[in-house]
Amino acid sequence: MVDLEMMAAVMAALPEETALILLGDKDQLASVEAGSVLGDLCRWAERPGYKAETVAWLEDNTGYSLREAAGEGGEIDQHIVILRHSHRFGPQSGIGALAAAVKTGDGERLEAVWQKYPDIRRLRLAGPADERLTALILAGYRPSLELCRRKVEGEFDSWCRRLLEAFNRFQLLTPARRGIWGVEGLNRLTADILYRAGLIPVSDGWYAGRPVLMTTNDYTLGLMNGDIGLTLPVEGEGGDYGGLRVVFQSVSGELKKISPARLPEVETVYAMTVHKSQGSEFEHTVMALPEHDSPLLTRELIYTGITRAREKFTLIGCHPELLPAAVRRRTRRVSGLGTLLD
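Everything numeric here is computed off the predicted structure, so don't read it as measured data.

1. Considering the nonpolar core
Right, on to step 1. Core analysis: the biggest nonpolar cluster contains 38 residues, and Tyr141, Trp181, Leu194, Leu232 and Ile316 have the highest contact counts within it.
Right, on to step 2. Contributions of two or more residues to this core are made by helix 6 (131-149), helix 7 (156-167), strand 2 (170-174), helix 8 (183-196), strand 4 (228-233) and strand 9 (282-288).
Right, on to step 3. Looking at this core, the element that brings in the most residues is helix 6, giving 8 residues.
Right, on to step 4. Listed in part, the 32 residues of the second largest apolar core include Leu110, Phe282, Met287 and Leu323.

Shown next as structure tokens:
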């Protein structure tokens, strides 16, 4: 998701003799800021054009032949490689097959994939009160919330890590912020469902089990925009929030237990936007389609949402017919980088 300005700063900071390797997924959403650097660099990558001297050098130095990919690509094309073997999705993975079909933009191929694999499904819902949606939400969040309500078992930090792991197995995603099927609507709906099921004590405010998303950087706390924490009762803590602390886990595994009073810039995150989910993955990902077609619904967004799932993917909404139109719509950005590279 690197943007033009950031990439320019990186390039300016590197010595000329530096070897720079960019690794990423060109098919995911581009940066929120201007530009689509990886997409522009790799726009012809699916049709490799390695010159004869490139093919010969690779064969001499690696023993690997790319003669079938020989062509007359430009200078930048000689330095682009696509990793085609997926270690996340095997040949029997419906998630992988669905993602591959989305990348082609072929509606017929996309339709055929749904019928073949048990790890992907779509639900045409009658509305937000549909019992199947309620069952889906309860099945997804019940394990972590029931663990949260039980007495702490064993060492406290280990209990926190088990809770965070349980919560991160399930996630609702949506393209939009507003509306019934946007982040705001789905978060309200989910909290209400969980409250009526007796899994959370209230549906608003601070309570044990509330997941929150940082919406700004806080360098004092060492927390960044997009970090997710879970509100838990911490032993030996009192104060205005009844011993509640929001527990964040760093990449290294370190736990940070922060008082809610120190986190004014957060929002509930039973549901998050597909944009915010980039870089994360969940055991079961549920993606909601909005009520109406929108320019926000693009091939890159759908692909990104699907590939957040590790083991199971569910598409929900009242209008699943929006999906074929979405995968035909590409994100178009006129950054000028592609022209400069020609």
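2. Section: the pattern of salt bridges
Right, on to step 1. By the definition in use, this model includes 10 salt bridges.
Right, on to step 2. A salt bridge links Arg142 to Glu146; the nearest nitrogen and oxygen atoms lie 3.5 Å apart. Taken together, the residues span about one helical turn, with Arg142 and Glu146 both in helix 6 at a distance of 4 residues.
Right, on to step 3. With its nearest N and O atoms 2.9 Å apart, the salt bridge here joins Arg196 to Asp192. Of this pair, Arg196 and Asp192 are both found in helix 8, 4 residues apart, which corresponds to roughly one turn of the helix.
Right, on to step 4. Among the residues examined, Arg196 registers a relative accessible area of 56% and is labelled exposed.

3. Examining the packing of aromatic side chains
Right, on to step 1. One pass over the structure, following the stated rule, counts 4 aromatic pairs.
Right, on to step 2. Between Tyr141 and Phe167, the ring centres sit 5.7 Å apart and the planes meet at 25°, which makes this aromatic pair stacked. Taken together, the positions of Tyr141 in helix 6 and Phe167 in helix 7 put the pair 26 residues apart, joining distant regions of the chain. Phe167 shares its class with Tyr141; the two are buried.
Right, on to step 3. Seen from their ring centres, Tyr141 and Tyr270 are 5.3 Å apart, and the 65° between their planes marks the pair as edge-to-face.

4. Topic: the sheet that holds strand 9
Right, on to step 1. Taken in spatial order, the 5 strands make up an open sheet running 1-10-9-2-8, and their pairing is parallel. At either margin of the open sheet sits one strand with a lone partner, and together these are strand 1 (120-124) and strand 8 (271-273). Strand-to-strand twist across the sheet, computed as the mean angle between neighbouring axes with direction ignored, equals 25°.
Right, on to step 2. As defined by bridge partners, strand 2 adjoins strand 9 across 4 bridges and the pair is classed as parallel. Residue pairing in the sheet places Phe170 in a bridge with His284 of strand 9.
Right, on to step 3. Across the sheet, helix 4 (residues 94-104) is in contact with strand 1 and strand 10 (309-317); its angle to strand 10 comes to roughly 60°.
Right, on to step 4. Together, strand 2, strand 8 and strand 9 form the strand contacts of helix 8, whose direction differs from that of strand 8 by roughly 170°.

5. Notes on the packing of helix 4 against helix 5 (residues 107-114)
Right, on to step 1. The N-to-C vectors of helix 4 and helix 5 enclose an angle of 170°; their axes lie 8 Å apart at closest approach. It follows from the interaxial angle that helix 4 and helix 5 lie roughly antiparallel. Contacts between helix 4 and helix 5 involve Gly94, Ala97, Leu98, Ala100, Ala101, Val102 and Thr104 from the first element and Arg109, Leu110, Val113 and Trp114 from the second.

6. Describing helix 6
Right, on to step 1. The principal kink in helix 6, of about 45°, is found at Arg142, preceding the proline Pro143 by one to four residues.
Right, on to step 2. Here helix 6 has its buried residues at Leu133, Leu136, Ile137, Leu138, Gly140, Tyr141, Ser144, Leu145, Leu147 and Cys148.

7. What about a nonpolar patch on the surface?
Right, on to step 1. Where nonpolar side chains cluster on the molecular surface, the patch consists of Met6, Val10, Met11, Leu14, Leu20 and Leu22 and spans about 490 Å² of accessible area.
Right, on to step 2. By secondary structure assignment, the location of Leu20 is in the loop between helix 1 (4-13) and helix 2 (37-41).
Right, on to step 3. Taking the relative accessible area as the measure of exposure, Leu20 reaches 40% and is therefore partly exposed.

About the cut-offs
- Residues numbered from 1 in each chain as written.
- Predicted model: local features only at pLDDT ≥ 70, side-chain atom pairs only at ≥ 80, totals over all residues.
- Heavy atoms only, no water.
- Core = buried A, V, L, I, M, F, W, Y, C linked by side-chain atoms within 4.5 Å.
- Buried < 20%, exposed > 50% of the residue type's maximum accessible area, 1.4 Å probe, protein only.
- Helix = DSSP H or I, 4+ residues; strand = E, 2+ residues; numbered from the N terminus.
- Salt bridge = Lys/Arg side-chain N within 4 Å of Asp/Glu carboxyl O.
- Phe/Tyr/Trp six-rings, centres within 6.5 Å; stacked < 30°, edge-to-face > 60°.
- Pairing = 2+ DSSP bridges.
- Axes fitted to C-alpha atoms, helices over the stretch in contact; angles between N-to-C directions.
- Contact = heavy atoms within 4.5 Å.
- Parallel < 35°, antiparallel > 145°, perpendicular 65-115°, else oblique.
- Bend = angle between axes of the 7 residues up to and from the residue.
- Patch = residues over 30% accessible without salt bridge, like charges linked within 9 Å, V, L, I, M, F, W, Y side chains within 5 Å.
- Areas by Shrake-Rupley, 256 points an atom, 1.4 Å probe, with all protein chains shown as cover.

In short, shape yes, function no, at least from these values alone.
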